Structures are given as structure tokens and as C-alpha cells.
Amino acid sequence: MGRLIETIENTYLLRRDNHSLQKDTWRQVSCEYFPKLSPETGAIPSKIISSEAGDLGLAMLWIVQASLIRGMASDINSSTSEKEIPLTDITPAPICALAHNDDRENPVILAAGPVLNGAKRYITGGTTSDIIFVTAKEKPEDKISHLFALRTADIPAGSLTELDLGCLKTVSHGRLTLASYRPRADEIVSVDEKTLRRSIRRWSIIERSLILQSFIGLISYINDNVERETGSPIIGGKEIEAALQYADDTAAEQIAAAFRGGLIEEKNADFGRIMGFVQACNAFLEKNRHTLSENLRERFPDLNFMQKNRR
């Protein structure tokens, strides 16, 4: 993966907000490191992409594909007699998005028809996706009970819009708004509602752990490259190594538990310590912005992702 990682690192600035280059890079990544987890997963590609290439956005895209999308697909396929979601062996892997986070004031509701109305926010993969898996419920106060697989190219114009988070610009983020959308029969995923909810809940735990792992990886990348450019690191290397080791161990334990079919234990990371790292990096940038290369300087905004994500 050495040459590919070098390419990811060197094209970081070019790929920001460039959907064509983002899709080209994803095809390369998915061919070399197919987005799929297993109990024998060694060095997780998302961590490598973040800690060695400094690209948290691309790392997060890999995480969503490997944990949420293919974990959910595997659970659903195992629960039915037919292969409802045939994603296992497609190479290069399509970009699949999970539209699960409802707009609080306008959740996606399935009405008779069937018809879908409502909005989803914070969709990783967004407008670059090939398929969007949309969850829905029958009443605003209900839990999700239905899943639809929509081809992004077939979604009505204007329904899927770009979302600017102010960071993570090497991957598209979108918002989906459906108005009287009538899904075709082949867009309806046949899955029991309890299986669907359990699957998303299980793999969301692992997704969060892998994102935290990659986030600390980005801090490590920035710290190492600041030392390379200025002669001194921002943070002591052993402090970051300890936090990253805890994240590595947590992710490995949770992935193993998922494939055993057992309970996936959520572990509380020391967010105070991690936010301390972020504050140190931001304080350094404020004083030394003009002494850093653009390629390094433009990685710092991605550190704000974790604070936004916790709100």
C-alpha cells in the first residue's frame, strides 16, 4: 500500500471538493484494500490512510463501507433465504451511503403507496455515492422499521444536496430530502425490523471506534509532520501512542465480538485527553500558521470534526 498511500498524501489538496478525483481514488483504494472487516483484520486500512497519509475524510469513507454498509449487508443476507444486498464481491467497490440520521423536524416516513417523505442529514459519501440505503419509520415517534436501497443516479434532481461541514473535504457529505418518492419494488430491502435495528446499532458501535482510531491517527500524522517541518513536535509521541494503542485494542475486541455474534462492549475513550491534543494542535497552528507547508496546514481543519460530532 506504500505507493497508494503516497499518492493519497500527495493529492490531498487536489481532491478537496473534487468529486471526480475522490471517486477515482476510492476505486484504487477499494481494489487494493477491499472495505470489509474480519476477525483477522490486521492493520486497518482506515488507520493507515489517516496516520500515514493524513486523510481523515477518505479514512471515514472506508470505515462506513467496511463497518456499517457491509456489516449490515451481511446481517441482512444471513437473515433471509435470498441475497438481499449483493455487495460482498463487487470490485472496485461501489460507494454506498447510509442515510440514517433523520432531520429531527422532518424524519423520513413511509406512508401507504408506498411513499417516502422526509429528510436525512450528514450522509457520508453523499453526492459521490452509487447507492444510498435509506432507513424509514411509519410514524415520527416510531423506531426505524424499513430499509430502501436507492440508486443515487435515479434519485430526483435536487433531492440530494452537498453539505459543507467546513472540514473532511476529501469526501462528499450530503443531505437527502424526499418528497412523495415512490420506491420501486427492487429498491425495497426485505428485512425484519428487529434485525435491521440490531444490525445498525451493532455496527455503529464499531464505526465510532474506528473513526476515533483514525482521528487519533490524524493527530499523530500532524504531530509527526510538524516535527519534520519545524524540528519539534506539538505533543509528546508517547502520549499519542498510548491513546492510539487503546483505540487499536478497543476496535480489535469489538470486531472479534461482532463476528462471534456476542455483545459488543462500548468503551469510553478519554475524550478529555484527546480534546487536549486537539487544543494543543489548534494553539500551535494559530501561532505558526505561516511557517507550515500548505499540504500540512490544510490538515488541521479536520481536527474540528470530533468537536462538531459530539454536539
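Residues numbered from 1 in each chain as written. Predicted model: local features only at pLDDT ≥ 70, side-chain atom pairs only at ≥ 80, totals over all residues. Heavy atoms only, no water.

Caption draft 1: Spotlight on helix α3 (residues 19–32). The end-to-end C-alpha separation of α3 is 20 Å, in line with the 20 Å expected for 14 residues at 1.5 Å each. Taken together, the buried positions of α3 are Gln22, Thr25, Trp26, Val29 and Ser30. The buried residues of α3 occupy an angular sector of 130° when projected down its axis, which confines them to one face. Residues of α3 that are buried make contact with α1 (2–10), α2 (12–15), α4 (45–53) and α5 (56–79). One side-chain oxygen at the N-terminal end of α3 lies 3.3 Å from the backbone nitrogen of serine 20; it belongs to asparagine 18. (Helix = DSSP H or I, 4+ residues; strand = E, 2+ residues; numbered from the N terminus. Expected span 1.5 Å × (residues − 1). Buried < 20%, exposed > 50% of the residue type's maximum accessible area, 1.4 Å probe, protein only. Arc of directions from axis to C-beta. Contact = heavy atoms within 4.5 Å. Polar contact = N/O pair within 3.5 Å; in protein donor to acceptor, adjacent residues only side chain to side chain.)

Caption draft 2: Representation of the environment of leucine 263 within the structure. Locating leucine 263 in the fold gives a position in the loop between α7 (237–260) and α8 (271–288). Owing to a relative accessible area of 79%, leucine 263 belongs among the exposed residues under this scheme. Expressed as a C-alpha distance, the spacing of leucine 263 and isoleucine 131, which sit 132 residues apart in the sequence, is 29 Å.

Caption draft 3: View of the pairing of strand β1 (residues 96–99). Of the two faces of β1, the one carrying Cys96 and Leu98 and the one carrying Ala97 and Ala99 are both buried. Where β1 meets strand β4 (residues 131–136), four bridges bridge the pair, whose relative direction is parallel. Within β4, the residue paired with alanine 99 across the bridge is valine 134. (Pairing = 2+ DSSP bridges.)

Caption draft 4: Layout of unusual backbone geometry. Going from threonine 91 to proline 92, the amide bond is cis rather than trans, its omega being -5°. With an omega of -10°, the peptide bond between glycine 113 and proline 114 qualifies as cis. The residue proline 114 is located in the loop between β2 (109–111) and β3 (115–124) in this model. We note that leucine 168 has phi near 50°; this positive angle belongs to a residue other than glycine. As for its placement among the helices and strands, leucine 168 is situated in the loop between β6 (160–162) and β7 (173–181). The backbone phi angle of serine 180 is positive, close to 55°, even though this residue is not glycine.

Caption draft 5: How the structure looks around the side chain of serine 199. Summarising the element assignment, serine 199 is placed in helix α6 (residues 193–230). Apart from residues lying up to four places away in sequence, serine 199 is in contact with Gly71, Met72 and Asp75.

Caption draft 6: Expanded view of the pattern of salt bridges. Per the stated rule, a full pass over the model turns up 18 salt bridges. The salt bridge involving arginine 202 is made with aspartate 75; its shortest N-O contact spans 4.0 Å. Remark: aspartate 75 occurs in helix α5 and arginine 202 occurs in helix α6; sequence separation between them is 127 residues. Residue arginine 202 shares its accessibility class with aspartate 75, and that shared class is buried. Two residues, arginine 184 and aspartate 154, come together in a salt bridge whose shortest N-O distance is 3.7 Å. Placement of arginine 184 in the loop between β7 and β8 (188–189) and of aspartate 154 in the loop between β5 (146–151) and β6 is noted, with a sequence separation of 30 residues between them. Salt bridges here are not isolated pairs; linked through shared partners, they connect Arg151, Asp154, Arg184, Asp186 and Glu187. (Salt bridge = Lys/Arg side-chain N within 4 Å of Asp/Glu carboxyl O.)

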